[in-house]
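So you can see what is in the structure, the chains are spelled out below.
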There are 2 protein chains.
Amino acid sequence: MAITNKIENFRMEVNPAFLAKAEALAPALIETEIRPAGTVELVPQGEDFAARPLERGFVRSRPLGRGDGLCLDFGDHWVGYVSFTLTPVGSPPDAPALLRLRFGEIPYEAAAGLSDYQGEVSRSWIQEELIHVDVLPAQVRLPRRYAFRYLAITVLDTSPKYQVVVEDVSCRAVSSGDRSAVPPLKTGDPELVRLDRVSLKTMEDCMQLVFEDGPKRDRRLWIGDLRLQALTNYVTFRNNGLVKRCLYLFAALTQNEGRVGACLFMEPRPQVDDTALFDFSLFFVSCLHDYYEASGDRETLAELFPTACRQLELALRELDGRGVVTDRDTWWCFLDWGDGLNKQAGAQAVLIYTLKQGAAMAERLGDGERAALWNERAGALSRAALEHLWDGELGFFVSGAGRQVSWASQVWFALAGVFGREENVRLLERLIGQKPGIPLATPYAYHHLIAALMENGLTERAVSIMKDYWGGMLREGADTFWELYDPSDRFASPYGSRAVNSFCHAWSSTPAYFIRKYLDR
Amino acid sequence: MAITNKIENFRMEVNPAFLAKAEALAPALIETEIRPAGTVELVPQGEDFAARPLERGFVRSRPLGRGDGLCLDFGDHWVGYVSFTLTPVGSPPDAPALLRLRFGEIPYEAAAGLSDYQGEVSRSWIQEELIHVDVLPAQVRLPRRYAFRYLAITVLDTSPKYQVVVEDVSCRAVSSGDRSAVPPLKTGDPELVRLDRVSLKTMEDCMQLVFEDGPKRDRRLWIGDLRLQALTNYVTFRNNGLVKRCLYLFAALTQNEGRVGACLFMEPRPQVDDTALFDFSLFFVSCLHDYYEASGDRETLAELFPTACRQLELALRELDGRGVVTDRDTWWCFLDWGDGLNKQAGAQAVLIYTLKQGAAMAERLGDGERAALWNERAGALSRAALEHLWDGELGFFVSGAGRQVSWASQVWFALAGVFGREENVRLLERLIGQKPGIPLATPYAYHHLIAALMENGLTERAVSIMKDYWGGMLREGADTFWELYDPSDRFASPYGSRAVNSFCHAWSSTPAYFIRKYLDR
C-alpha cells in the first residue's frame, strides 16, 4: 500500500519492554538456493509483454558483447539475493563490463525499465540496476534483495576485445515461512488446490522478518495486511510467533496518544510511520482477537489488551452527535482502493465489528465491566447506523453527505453483524444481484466479500466468486497473488503505472484461509 | 591508450622470480582525505559545459527530492574513493532513494552522461552510477575508484513523503607519489612554475600500484607511457622502486618468444595484454637504460639486460633486405595518434635509438662484444635509413611506400642521432619552419619534439613550444595534463567521444622533466 496521509505533530511513543519482546521473537530466515529454470524471450503483446520459453535449464550464456542480453526465468516467484559469475572470453578485459539488470515479478517489468516509468510512486521501486564489473572474471553478488521470477541481463558494453559469459546464476531465496509446517490439503478440487498453492507461495514470499505487505514494494508491516496474513497463517504456516512479534511491534511503537499506526518500518530501526488510518488502528483489536482465538495465548492477550482498548477509545472520539463516525475529506480510512469511495459507512461498520471483538476479549479476560461497555457501544453504533446510514427504500447502507452506495459499505455492515443472518443474506444477495454503486477494487476488499458470504452460509456463492476473481489472476499467469486485480483492466494501478504494482501481495493470499477454514473438511 | 591490435596465438611467458621481485616492490598508497571545495553550476557553452562557481565550501545540501541535484567541485583533480551521508528529511522514508552520480575530470563529463555517449571505446569507462539506498540515513561508501574533480549528484527519486540531504562528502584520495620527495623548484618563471605544478599533479594521480597511463581510462601499465613517467619521476617524486617494480613486471610477464608486451593488467592478477607494438617492446631497452642512468642499480641492469637484448633481437628480424624496418598495414607501431601516420621511418629511428642504448648498457656491464654488435647494427640501420628513407631534395625523412613526410619521423631521427648535431638542428628548424606533412597529435609526440630540441641545444624554441602547447591546456582550465590536446579542436578524440578521453594522463606530464632537467638551474 502507498498512502500519503500523515498525522500532524507526529511523534513516536515507545514501550521498550514490548519492543524487547518483539525483538526476541525475530525469526530465523529459511534459505533455499534456486537456479534458473531456463531462459525466455520477452515478446511484446500490445501494451504488455509475454515470456516465451526458449531453453529449459540454464548453465551458461553464449558470449555477450555490447547490446547483447538474455532473460532468465527462475520458474516461480522468489524473494532473495542473486549472484552470478561473469567470465571474460577473448583478450584480457581492457575495460570494465557494464551491465543492466532488470528483475521482474512479471515479464512486463523485466522488459520495460526505469526510463519507461511515468508513475507517481517512487521510481526507486523499479528493480533495475546498472553495474560496473571492474575486474574479470568476477563473482557478482548483488547486495539488494529482489522479488522476482524473471531477470533480464543486458550487456551495455564490454570492449571490442572481449565478451562475457554469464554462468553460475543463483538466487538465495529467503522466507520465515516453513512449508513443512503447512497441513496437507484434503480437497481434490483442482481449482481449489491451485488457489491454495498460489496463496501459500504468496504468503511464503511475504513472510520475512515480519509479515511484509509485498516483498517488492513497499515491504512494510501494515496492520490491515497483517490481519489477513495472520488469519491465513493460522491455518497454513502456523507461525504464531511471527504474529505475536508483529503485535508487540505495533504495541511497542505507537503514534501520539498511543494510537497504533497504519504501518511500521523495520529499518534502520523499528519505527512507526506517520500514516494513521481509522480502520487500520482498529485492526489491532482484530489482530489481537484473532491471535488469541488461534493460539489461546492468554498472557499476550492480557498484556496487549490495553493497547486494543486504546484504539477503540480513540475511534469513539470521532463520533458526531448522532453516534455516526464523522466523515472527512482526507485519506483517513482505507477500506479499499478505488476511485471516489466514501469511507463513512465502512468506518462505522469496522468500529462496530471491532467493538464486538473488544468485548469478546474482555470476557475472555474476565473483565465483565469492559465487555458490557464495548457491547453497549456496539449496540448504540448499530442503532445509529440503522437510523442514519440505512436506506430502507434502496435496501442499502449509504455513506457520506452524498449518500453513496458502495459494495464496501454493504460488505462491512454484513461483517459487523448489524443485522441478523437472514437480513444479511438478503443484503448480500441484493448486492450481488443489483451490483449498485462503487464496486470492490482489490483482493483485500474481495476478501471481505468472501468472508461475509462464508459467514452467512452463502458458501457456493463465495466459492464461485473466489474461483472467478482469484482464478482470473491464475488465468493471467500469476505465480503469486497480486496487490491489485481488475478483471476488466489488467493494467489497472492506483500508482500511475503497474510497473510498481506488487505482484506478490499478502492481502491477496486468503483463498488458502477460506479453503482451509470453510471448505477443506 | 586504447589499441585493438592483438598478436596471433598469444600466450604469456612467466618468470616467477621476476614476478616475486615485482610483488615485493608493491608500494604503500598514501591516503589523503579531500572535502569538496564548493558547488558549481554546469553551464552549457556551445557543445561544452563550464563550471560556474556557486558556493565556496560545502557542508550539506538543501533537501533534495525527485529531479533535484547539485554538482560538487573538489577543487582539483583527485583519484580516490568517495563516501557521503544521505539523511532523510520529512516522514520516515517509505521508498528507497535512487541517485545518479556522475564523476567528471572536466565539467563536460559531469554534465553529459551514459545516455549521451556515442563513442567507440567502451561506455563502461563513463564514470556514472545509478545507486539505490534502501535504508536511510545511510553512509554511502562507493566501492569503485574514480578520477575526478566534479561530482554531479541527481536525486532521481525519493518519494512524496521525504527528501534527502547530502552531507559529509569526502574523497579518500590515493597515490604512491610522495609530494615531500619532490625537490623544490628554483625558477621564478610563473609559467614554468605552473607547468611544473600541473605536471606533478598529473604524475601524482597516475602513480598508483604501478605507473598507470591514466587513472580514469584505461589504468594500465603501458611501457611507452612508463618511459616518460620514469624520466619525470627521476627528477620529481624519485620513487625509483616503483620504476624497478614496473621493469620487473614487464620482464616477468612477456608474450610469445619473450616479447615485452605493450601493456600489463594488474587485476585480477598481473598479466600481459595480447597487444604488441614494435616501438613499445623496444622501449623496455630505453626504460632499463634510463633507470640505470638514474639509479646506478647495476644488479637490476644485469638481471634485466637479457630481456632488453631480446627486444632488439626480435625487432631486428623485421628488417627487409635493405636493412629497413618492413612496413605493415596493421596497428603495429604506435609513435603517435593521428590519422594516417605511416610508422616505418619512426620505427627505424626507434630501433636505432634503442640499439645505441643497448650498446651503452652492454658497455656498463663490461660486455664489449655485445656493445660492438649493437653499435654495428645501429650504424648499419642508420646508413640504410640515409640511403632509403632520407629524401635529400625535400630535406626530410620519408616513410612507407607513399614516401610520407611526418613530424614524427623527423623528430625520431633527430633523437636517434643519425645525423650530427648541426644537421639535426637544420632538420628541426626546417621542420618547424616548413610544417610539412602529418603533424604531431598528442602530448606524447610533442614530448619527443621538445626532447629533440632540448638535446640539440634549441632550448628557447623548446620552451616556447612547451609553453604554447601545454600552456594551452592550462588556458583551457586543465587541472592535470590531458591524454590528447589539439589546440585547433578542443573536442578531438581518437575514441569517437572526448567523454572517454583521459584528462589526467601521465605521458603528458613531462614539462616537469624538461623544466627540471634543462631549465631549472
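Residues numbered from 1 in each chain as written. Chains lettered and ligands numbered in written order. Predicted model: local features only at pLDDT ≥ 70, side-chain atom pairs only at ≥ 80, totals over all residues. Heavy atoms only, no water.

A. Molecular detail of the relation of the copies chain A and chain B. Between chain A and chain B, the superposition needs a rotation of 180° and an axial shift of 0.0 Å, giving an RMSD of 0.0 Å. The superposition of one copy onto the other is thereby described by a two-fold rotation axis. Within chain A, L130 of chain A has its C-alpha nearest the rotation axis, a separation of 3.0 Å. In this assembly, 100% of the residues forming the interface of chain A have copies in chain B that are likewise at the interface, indicating an isologous arrangement. (Least-squares fit on C-alpha atoms with pLDDT ≥ 70 in both. Contact = heavy atoms within 4.5 Å.)

B. Representation of the packing of helix α5 (residues 240–252) of chain B against helix α6 (residues 278–295) of chain B in the model. Residues and elements named next belong to chain B. Put simply, α5 and α6 touch, their axes get as near as 11 Å, and they point 150° apart. The orientation of α5 relative to α6 falls into the category roughly antiparallel. As α5 packs across α6, the resulting crossing turns out to be left-handed. Of α6, the residues touching α5 (which contributes N240, V243, K244, L247, F250 and A251) are F284, C287, L288, Y291, A294 and S295. (Axes fitted to C-alpha atoms, helices over the stretch in contact; angles between N-to-C directions. Helix = DSSP H or I, 4+ residues; strand = E, 2+ residues; numbered from the N terminus. Parallel < 35°, antiparallel > 145°, perpendicular 65-115°, else oblique. Left-handed = near helix turned anticlockwise from the far one by under 90°.)

C. Here's a closer look at the sheet that holds strand β11 (residues 221–222) of chain A. Residues and elements named next belong to chain A. Spatial ordering of the open sheet is given by β11-β13-β14, a layout of three strands whose pairing is antiparallel. If you trace the sheet from one side to the other, it starts and ends with β11 and β14 (271–272), each paired once. Taken together, the two bridges between β11 and strand β13 (residues 263–265) define a ladder with antiparallel strand orientation. Looking at the pairing, W222 lines up with C263 of β13. (Pairing = 2+ DSSP bridges.)

D. Fine view of the pairing of strand β6 (residues 97–104) of chain A. All names here are of chain A. The element β6 is extensively covered by neighbouring structure, given that seven of its eight residues are classed as buried. Examined bridge by bridge, β6 and strand β7 (residues 128–133) share six bridges and lie antiparallel to one another. Within β7, the residue paired with L101 across the bridge is E129. Across seven bridges, the pairing between β6 and strand β9 (residues 146–157) is antiparallel. Bridge pairing links G104 to Y150 in β9. (Buried < 20%, exposed > 50% of the residue type's maximum accessible area, 1.4 Å probe, protein only.)

E. Representation of the interface of chain A and chain B within the structure. The interface of chain A with chain B comprises 47 residues on the first partner and 47 residues on the second. Summed over both partners, the interface of chain A with chain B comes to about 3,400 Å²; 55% of that surface belongs to carbon and sulfur atoms. Interface area lost by chain A to chain B is led by P92, H132 and K161 of chain A, which between them contribute 16%. Where chain A packs against chain B, one counts eight salt bridges. Across the pair K161 of chain B and D273 of chain A runs a salt bridge whose closest N-O atoms are separated by 3.6 Å. Joining chain A to chain B, the criterion identifies 22 residue pairs in polar contact (both at pLDDT 80 or more). Breaking the side of chain A that touches chain B down by element, the ones donating at least two residues are β6, β7, β9 and β14 of chain A. (Buried area = accessible area lost by both parts, 1.4 Å probe. Salt bridge = Lys/Arg side-chain N within 4 Å of Asp/Glu carboxyl O. Polar contact = N/O pair within 3.5 Å; in protein donor to acceptor, adjacent residues only side chain to side chain.)

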